[in-house]
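Next come the chains, spelled out residue by residue.
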Amino acid sequence: MEREAIRRREQLYVGGEWVTGPDTFPVTDLADGGTFAEVAAADEGAADDALAAAEEAKATLRDTTIPQRCEWLQAIADGLRDRKTELAEVIVREAGKPISSARGEVDSAAERFERAKEEIRHLKGEYREGTTSGHEGWEAIVKHEPVGAVLCITPYNYPLATTALQVAPALAAGNAVVVKPASKTPVSAAILAEIVDEADLPDGAFNFVPGKASAIGDTLAGDDRVNAIAMTGSSGAGKHVAYESGMVNLHMELGGNAPAVVFEDADLDEAAAAAAKGSLKYAGQRCSAVSRVLAHESVHDDLVERIDAGMDDWVQGDLFDEDTDLGPLISEEQADWVEELVEDAVERGATVVRGGDRHEQAEGVHVFEPTLLADVPQDARIIDEEQFGPVCAVTTFEDDDEALDVANRSDLALDACVFTSDYDRAMRMAEYIDAGAVRINGAPSHGLGDIPFGGNEDSGIGREGLDSTIHEFVRKKSIIL
């Protein structure tokens, strides 16, 4: 029986009011094809209104107490759980995630609001005494205050969970928020705005302005009323926002190209399972995806065979089927990009073990087959560039030094993983691989934000995580007695 697609029309949410934008844009239904939502598109005027509303709310929010804000966070978490079925279906359609993953994302978003509630309770001030000559007898209270207004620029791949990771700490710290969602996946954030509207926050505390980055991005990022910017997205977009933003706190998690370094003494079954999952989960459209496997030359063939067998377990099909693991790519442009990188690798001598093809499954729904490339030359672009596709590219190295050289050659330095049974080697590689996080004997994973994560070089600024992000969104004030 064919399902009837959800038909939604979403508005802007500014200053505690729902606002009809001057125009709309469509959201593709990645489950059934076609369009399932029309979303109001903010223009410069609407963006300015949101900034004005956030500016006006700053004083009110600054005077709120931690217990008050904890009540809001819990109410939002409860609201997300109450609408879990609706939100999961929206995420399936707008992001192209299998239903089981979509449900998990709703759970993660709710838990992030709850955990932010717990983390903010631990934010305590300090008492200090003067200890230097000339400051004898000085006493100071060091307290935390909100930075003011936080611009949240969210990605398409985790449209609800990443939004929660930015918004929850910002609200917990007493800041006003302006959310600019990814244009491909704004509907789940629109539902979050509805939930916030029911949670009785002060007007202007939360503002939702979907729209094209080309139309409102510079207006939002370059405005002096913004005190901090949280962004998850591509390195190119992050550099542009940083250029426009000026003197604000930048909190950015950007592109990734995580290497999985597999040594000859590794548990190859474990490494192969991690490589398959790390490269195929959400069709590889994750900043922490295993983008390239660096295998010691003595185990390359064996490892490839095991990865190939592991990929048999990944089912590509109906997104509402509980057994489906793999969905489509977010757009035709993304499918073109992945195809370009695969073709480049093959032209340079890589072997296609499986996959390598793409097709349009329905109107606007572009599927790329789970792909395994073996004997990939080190000069192939896929070894150094972010792919965001369901492709596992395996290259080789001779020794530890060469492994480090290849792992560190990319300008992207977000995540990495190392597979070895040698403790000293594992710690040495973890220390010298240029990445914000290195996992030993497992694929990269950011979890709910218990452990700080973020990238070096072109992969970002700062470290995300609920406690880490709260500290990014407060500033210290010393009151000297």
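Since the model is a prediction, treat every value here as computed from it, not as a measurement. (Residues numbered from 1 in each chain as written. Predicted model: local features only at pLDDT ≥ 70, side-chain atom pairs only at ≥ 80, totals over all residues. Heavy atoms only, no water.)

**Structural notes on helix 13 (residues 423–432)**
Moving on, step 1. Among the residues of helix 13, those classed as buried are R425, A426 and M429. Taken down its axis, helix 13 places every buried residue within 100 degrees of arc, on the same side. Looking at helix 13, the residues exposed on the side facing more than 90 degrees away from the buried face are Y423, D424 and E431.
Moving on, step 2. Of the surrounding secondary structure, the elements contacted by the buried residues of helix 13 are strand 13 (258–262), helix 12 (400–407), strand 21 (415–419) and strand 22 (437–440). (Buried < 20%, exposed > 50% of the residue type's maximum accessible area, 1.4 Å probe, protein only. Helix = DSSP H or I, 4+ residues; strand = E, 2+ residues; numbered from the N terminus. Arc of directions from axis to C-beta. Contact = heavy atoms within 4.5 Å.)

**Details of the side chain of N157**
Moving on, step 1. You can see N157 is positioned in the loop between strand 8 (149–153) and helix 5 (161–172).
Moving on, step 2. A polar contact of 3.1 Å, which involves the side chain of N157, links it to the backbone oxygen of Q285. (Polar contact = N/O pair within 3.5 Å; in protein donor to acceptor, adjacent residues only side chain to side chain.)

**A word on the UniProt feature "domain: Aldehyde dehydrogenase" (unreviewed entry) in the protein chain**
Moving on, step 1. With numbering aligned to this structure, UniProt lists the feature "domain: Aldehyde dehydrogenase" (unreviewed entry) at residues 18–479.
Moving on, step 2. Its end C-alpha atoms 41 Å apart, residues 18–479 is made of 39% helix and 23% strand. (UniProt positions renumbered as here; feature names shortened; annotations may be inferred.)

**Brief notes about a nonpolar patch on the surface**
Moving on, step 1. On the surface, Y127, I141, I479 and L481 cluster together into a nonpolar patch covering about 380 Å² of accessible area.
Moving on, step 2. By secondary structure assignment, the location of I479 is in strand 25 (residues 474–480). (Patch = residues over 30% accessible without salt bridge, like charges linked within 9 Å, V, L, I, M, F, W, Y side chains within 5 Å. Areas by Shrake-Rupley, 256 points an atom, 1.4 Å probe, with all protein chains shown as cover. Salt bridge = Lys/Arg side-chain N within 4 Å of Asp/Glu carboxyl O.)

**Here's the deal with helix 7 (residues 213–221)**
Moving on, step 1. Along helix 7, the residues that are buried comprise I216, L220 and A221. The buried residues of helix 7 all sit within an arc of 125 degrees when viewed along its axis, so they share a single face.
Moving on, step 2. Looking at the packing, one finds that the buried side of helix 7 touches helix 1 (44–62), strand 8, strand 9 (176–180), strand 11 (228–232) and helix 8 (235–245).

**Re the sheet that holds strand 4 (residues 23–28)**
Two pairing modes exist for strands in a sheet, parallel and antiparallel, and in both the strands are linked by backbone hydrogen bonds.
Moving on, step 1. The strand order across the open sheet formed by 3 strands is 1-5-4, and the pairing between neighbours is mixed. Among the strands making up the open sheet, the edge pair consists of strand 1 (8–10) and strand 4. Neighbouring strand axes in the sheet, compared pairwise and without regard to direction, differ in orientation by 20 degrees on average.
Moving on, step 2. Alignment of strand 4 against strand 5 (residues 35–41), held across 6 bridges, turns out to be antiparallel. Pairing of V27 across the sheet is with A37, part of strand 5.
Moving on, step 3. Packing of helix 6 (residues 187–198) onto the sheet brings it into contact with strand 1, strand 4 and strand 5, and relative to strand 1 it is tilted by some 65 degrees. (Pairing = 2+ DSSP bridges. Axes fitted to C-alpha atoms, helices over the stretch in contact; angles between N-to-C directions.)

**A look at the UniProt feature "active site" (unreviewed entry) in the protein chain**
Moving on, step 1. As recorded in UniProt, the sites labelled "active site" (unreviewed entry) are E253.
Moving on, step 2. Under the relative-accessibility criterion, E253 is labelled buried at 3%.
Moving on, step 3. Setting aside chain neighbours within four positions, we find E253 in contact with M231, T232, G233, C287, L414, H446, F453, G454, S459 and E464.

**Points about the pairing of strand 22**
Each regular strand shows side chains that alternate between the opposite faces of the sheet.
Moving on, step 1. Where strand 21 lies against strand 22, 4 bridges are found, and the strand directions are parallel. Counterpart to D415 in the pairing with strand 22 is A437.
Moving on, step 2. In this fold, strand 21 hands off to helix 13, which returns the chain to strand 22; that crossover is right-handed. (Right-handed = clockwise from strand over helix to strand, strands pointing away.)

**Comments concerning the sheet that holds strand 6 (residues 126–129)**
Moving on, step 1. Overall, antiparallel pairing links the 3 strands, which are arranged 6-7-25 in an open sheet. Only two strands of the sheet have a single neighbouring strand rather than two, namely strand 6 and strand 25. The mean inter-strand angle of the sheet, taken between neighbouring strand axes irrespective of direction, is 30 degrees.
Moving on, step 2. In the sheet, strand 7 (residues 139–146) pairs with strand 25 via 7 bridges, with the strands oriented antiparallel. Paired with P146 across the two strands is V474, which belongs to strand 25.

**Thoughts on the environment of D401**
Moving on, step 1. By the secondary structure assignment, D401 is in helix 12.
Moving on, step 2. Relative accessible area serves as the criterion here: at 61%, D401 is assigned to the exposed category.
Moving on, step 3. Taking the C-alpha atoms as reference points, D401 and M429, separated by 28 residues in sequence, lie 9.5 Å from one another.

**What to know about the state of the cysteines**
Moving on, step 1. The tally for this structure, following the rule as stated, stands at 0 disulfides.
Moving on, step 2. Considering cysteine sulfurs only, C152 is the nearest to C70, which forms no disulfide, with 18 Å between them.
Moving on, step 3. What makes C70 buried here is its relative accessible area of 2%.
Moving on, step 4. Free of any disulfide, C287 has its nearest cysteine sulfur in C417, 14 Å distant.
Moving on, step 5. Looking at C287, the relative accessible area reads 13%, which means it is buried. (Disulfide = S-S within 2.5 Å.)

**Considerations on the nonpolar core**
Moving on, step 1. Counting 98 residues, the largest nonpolar core has I76, L80, F113, F206 and I229 as the members making the most contacts within it.
Moving on, step 2. Shared between two domains, this core takes at least three residues from each, and those domains are domain 1 (12–254 + 459–480) and domain 2 (258–448).
Moving on, step 3. Contact partners of I76, with chain neighbours within four places excluded, come to F113, L171, L192, I195, V196 and A199.
Moving on, step 4. Of all hydrophobic cores here, the second largest spans 29 residues; its members include L294, A335, A407 and A435. (Core = buried A, V, L, I, M, F, W, Y, C linked by side-chain atoms within 4.5 Å. Domains from an automatic or database assignment.)

**Topic: the domain arrangement of the protein chain**
Moving on, step 1. Per the domain assignment, the segments of the protein chain are domain 1 (12–254 + 459–480) and domain 2 (258–448).
Moving on, step 2. For domain 1 versus domain 2, the distance between C-alpha centres works out to 31 Å.
Moving on, step 3. On the domain 2 side, the residues contacting the 34 residues of domain 1 number 31 residues.
Moving on, step 4. At the boundary of domain 1 with domain 2, total buried surface from both sides reaches about 2500 Å², with 59% on carbon and sulfur atoms. (Buried area = accessible area lost by both parts, 1.4 Å probe.)

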